[in-house]
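# Structural characterization, general
Residues per chain are reported as follows:
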Amino acid sequence: MTTRTKTNFAAEADEAVVEPEQLRRATLASSVGSALEYYDFYIYGLASALIFGPLFFSPLGPDGALIASFATYGVGFAARPFGGLIFGYIGDRFGRKMVLILTIALMGTASFAIGLLPTFEQAGMIGAVLLVTLRIIQGLGAGAEQAGATTLISEVAPRRRRGFFASLPFVGIQLGTLLGAGTFALITMADKSVLQGWLWRVPFLASFILIVIAIFIRLKLKETPAFQELEKHKNVVKNPIGALWKHSKKNVLIGIGLRMGENGNSSIYSALLVSFMSMPAGVFAGNNSIGPVGLLIAAGFAAVMVVTFGALSDRYGRVPVYRYGALFQAIIAVPAFYLVTLGNVTLVWVVMAVGIAIGVQSMLGPQCPLLPELFGSQYRFTGVAMSREISAVLAGGLAPLLGALMLAATNHSWLVLAIYSLVLALISFVTTFFTPETVGRDLVSTEDAK
């Protein structure tokens, strides 16, 4: 008779408790939510780069309007940590499912309402004030959406393939990108007067469809096994924020550092680069379709690569895959943004595809399971939300705004983009040397990874 090792027995036991139907529903629910968040993310980012300036901030002039437009983009990111705190607390106190329903409704409703706003020409600064208000509401919902999706699928998936399954919902990110970038690629081909008159509203109003689908799917979800165990043994903490602050400050800082290269470069490639190319001094001045088409191409490749890198992290470990992904992003920074200045459309699309599909996804793939694995089950939702959303402000939200300011101050030098991308990638690269390997962690455990 052969003797089973402890590791094999644990792995078989882990596979046995996985409910295939729950896993399918969790994957679908998380994917649709990710699609809506990133659909909103990309249509707002592209609208900030191409449309919102003249529509809501025209008295400020071209550069001023662009900076103000990207400031509203950044405000949404500034709201996200507060959403992460609020909904992270609810998720750790009352369950993951409730939060996923609340966040998708809040985020989607705000996006829909943006499509109804009056412009500066119609109502003066009232439209701009309402735009900022809705962007804050959108940010509050988005602040826990990805944290909830990541936590949910990681706690449901079999541990030996957690990287693969945890990255599957992030295919929804690419679907949202495809929908958002594809929509903008189409509408920017329209006459400028039509685009700025009413057509820009259509992508925001269309988000209502995704809201309905996502809520319908999420209502059928069960609670995760990890949270069920907490309730069963009465281990749910009354103050997950306090517990996180007491026990996990180091891991939150690690999560923030890991996200800088991934989230920051995602914003640089998807919003700032698009604006850089189409601004009056850019190499494709006045052509608003090149960037959205490039994002469309990049998203198609990224949908495959995020799962590939997630699966690779199951085999080779979270930290090595993340480390080499960050290093790759740093290495390509200077040559990539120089190539954009040559005026070759094909080269631009190659740069966007490589930067987003390989550079960003090589970090996002292992990040999907890694962040939930860093934290104990009692405050996991809050820990993931804080790691994601504080970094979202520092990297993703500020990248377009700071980039626009630096471009204006340097006469629109491409080196600004290159150095910015390089620095953010290096921050994540260095952080990997302080990150514990988490592959195979038992997520029912209340202890942090060390």
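Since the model is a prediction, treat every value here as computed from it, not as a measurement.

### A closer look at the overall build of the protein chain
Secondary structure assignment for the protein chain yields 20 helices and zero strands. Its C-alpha atoms give the protein chain a radius of gyration of 21 Å, within 12% of the compact-globule value 22 Å for 450 residues. Seen through its C-alpha atoms, the protein chain measures out along the principal axes to roughly 75 × 45 × 35 Å. For the protein chain, the proportion of its 450 residues judged to be buried stands at 60%.

### Examining the pattern of salt bridges
Overall, the coordinates contain eleven salt bridges when judged by the stated rule. For Asp92, the salt bridge is made with Arg96, and the minimal N-O distance between the two is 2.9 Å. Residue Asp92 shares its accessibility class with Arg96, and that shared class is buried. Residue Arg96 is classed as buried on the basis of its relative accessible area, which comes to 0%.

### Points about a nonpolar patch on the surface
Residues Leu415, Ile419, Val423 and Ile427 make up a contiguous nonpolar surface patch of about 310 Å² in total accessible area. Within the secondary structure, Ile427 sits in helix α20 (residues 414-431).

### Concerning helix α7 (residues 126-156)
Residue pairs spaced three or four apart in an α-helix point in one direction, given the helix's 3.6 residues per turn. The end-to-end C-alpha distance of α7, which contains 31 residues, comes to 45 Å, matching closely the 45 Å that a straight helix rising 1.5 Å per residue would cover. Taken across its 31 residues, α7 has 23 buried, putting it largely inside the fold.

### Quick word on the environment of Tyr44
With respect to the helices, strands and loops of the structure, Tyr44 is situated in helix α2 (residues 20-50). With a relative accessible area of 0%, Tyr44 lands in the buried category. Apart from residues lying up to four places away in sequence, Tyr44 is in contact with Phe52, Thr72, Tyr73, Ile114, Leu131, Arg135, Gln138 and Phe204.

### Thoughts on unusual backbone geometry
Unlike most non-glycine residues, Lys234 shows phi in positive territory, near 55°. Along the chain, Lys234 turns up in the loop between α13 (225-232) and α14 (240-247).

### Section: the environment of Phe94
With respect to the helices and strands, Phe94 occurs in helix α4 (residues 61-94). Residue Phe94 is classed as partly exposed on the basis of its relative accessible area of 44%. Contacts of Phe94, omitting those with residues within four sequence positions, involve Glu223 and Phe227.

### A look at the packing of aromatic side chains
Following the criterion strictly, the structure yields seven aromatic pairs and no others. When the centroid spacing of 5.3 Å and the interplanar angle of 85° are considered together, the rings of Phe429 and Phe433 count as edge-to-face. Here a set of aromatic residues connected by ring pairs shows up, and it is made of Phe56, Trp200 and Phe204. Positioned over the ring face of Phe94 is Arg93, at 5.0 Å from the centre of the ring. Over the ring of Phe433 we find Arg323, and its NZ or CZ is 3.9 Å from the ring centre.

### Some remarks on the side chain of Thr27
Among the structural elements, Thr27 can be located in helix α2. Its relative accessible area of 15% is what places Thr27 among the buried residues. Non-local contacts of Thr27, meaning those with residues more than four positions away in its chain, are made with Ile153, Leu168 and Pro169.

### Focus: the side chain of Asn265
Inspection of the secondary structure assignment puts Asn265 in helix α15 (residues 249-278). Look at Asn265 and you get buried, because its relative accessible area is 0%. At a separation of 2.9 Å, a polar atom in the side chain of Asn265 contacts the main-chain carbonyl oxygen of Gly261. Discounting residues that sit within four places of it in the chain, Asn265 has contacts with Met260, Gln329, Val360, Ser421, Leu424 and Ala425.

### Details of the packing of helix α5 (residues 96-114) against α7
Orientation of α5 relative to α7, taken along the N-to-C sense of each, is 150°, at an axis distance of 8 Å. Taken together, the axes of α5 and α7 are roughly antiparallel relative to one another. Along this stretch, α5 crosses α7, giving a crossing that reads as left-handed.

### Comments concerning the confidence of the model for the protein chain
Low pLDDT marks stretches whose predicted atomic positions should not be read closely. Mean pLDDT over the protein chain stands at 84; residues scoring 70 or higher make up 93%. When mean pLDDT is compared element by element in the protein chain, helix α17 (residues 318-340) scores highest at 95, while helix α1 (residues 6-17) scores lowest at 42.

### So, the packing of α7 against helix α18 (residues 345-374)
Direction vectors running N to C along α7 and α18 enclose 80°, while the axes themselves pass 9 Å from each other. Here α7 lies roughly perpendicular to α18, going by the angle between them. Residue-level contacts link Thr150, Thr151 and Ser154 of α7 to Cys368, Pro369 and Pro372 of α18. Its residues assigned to classes, the contact of α7 with α18 shows three nonpolar, three polar and no charged.

### Section: α18
For α18, spanning 30 residues, the distance from its first C-alpha to its last is 42 Å, which sits close to the expected 44 Å at 1.5 Å a residue. The largest bend along α18 reaches roughly 45° and is located at Gln361. The buried fraction of α18 amounts to 23 of the 30 residues, a majority that puts the element mostly inside the structure. Its side-chain oxygen placed 2.9 Å from the backbone nitrogen of Thr346, Asn344 serves as the N-cap of α18.

Cut-offs and rules
- Residues numbered from 1 in each chain as written.
- Predicted model: local features only at pLDDT ≥ 70, side-chain atom pairs only at ≥ 80, totals over all residues.
- Heavy atoms only, no water.
- Helix = DSSP H or I, 4+ residues; strand = E, 2+ residues; numbered from the N terminus.
- Rg over C-alpha atoms; globule rule 2.2 N^0.38 Å.
- Buried < 20%, exposed > 50% of the residue type's maximum accessible area, 1.4 Å probe, protein only.
- Salt bridge = Lys/Arg side-chain N within 4 Å of Asp/Glu carboxyl O.
- Patch = residues over 30% accessible without salt bridge, like charges linked within 9 Å, V, L, I, M, F, W, Y side chains within 5 Å.
- Areas by Shrake-Rupley, 256 points an atom, 1.4 Å probe, with all protein chains shown as cover.
- Expected span 1.5 Å × (residues − 1).
- Contact = heavy atoms within 4.5 Å.
- Phe/Tyr/Trp six-rings, centres within 6.5 Å; stacked < 30°, edge-to-face > 60°.
- Lys NZ or Arg CZ within 6 Å of the ring centre and 35° of its normal.
- Polar contact = N/O pair within 3.5 Å; in protein donor to acceptor, adjacent residues only side chain to side chain.
- Axes fitted to C-alpha atoms, helices over the stretch in contact; angles between N-to-C directions.
- Parallel < 35°, antiparallel > 145°, perpendicular 65-115°, else oblique.
- Left-handed = near helix turned anticlockwise from the far one by under 90°.
- pLDDT = per-residue confidence, 0-100.
- Nonpolar A, V, L, I, M, F, W, Y, C, P; charged D, E, K, R; others polar.
- Bend = angle between axes of the 7 residues up to and from the residue.

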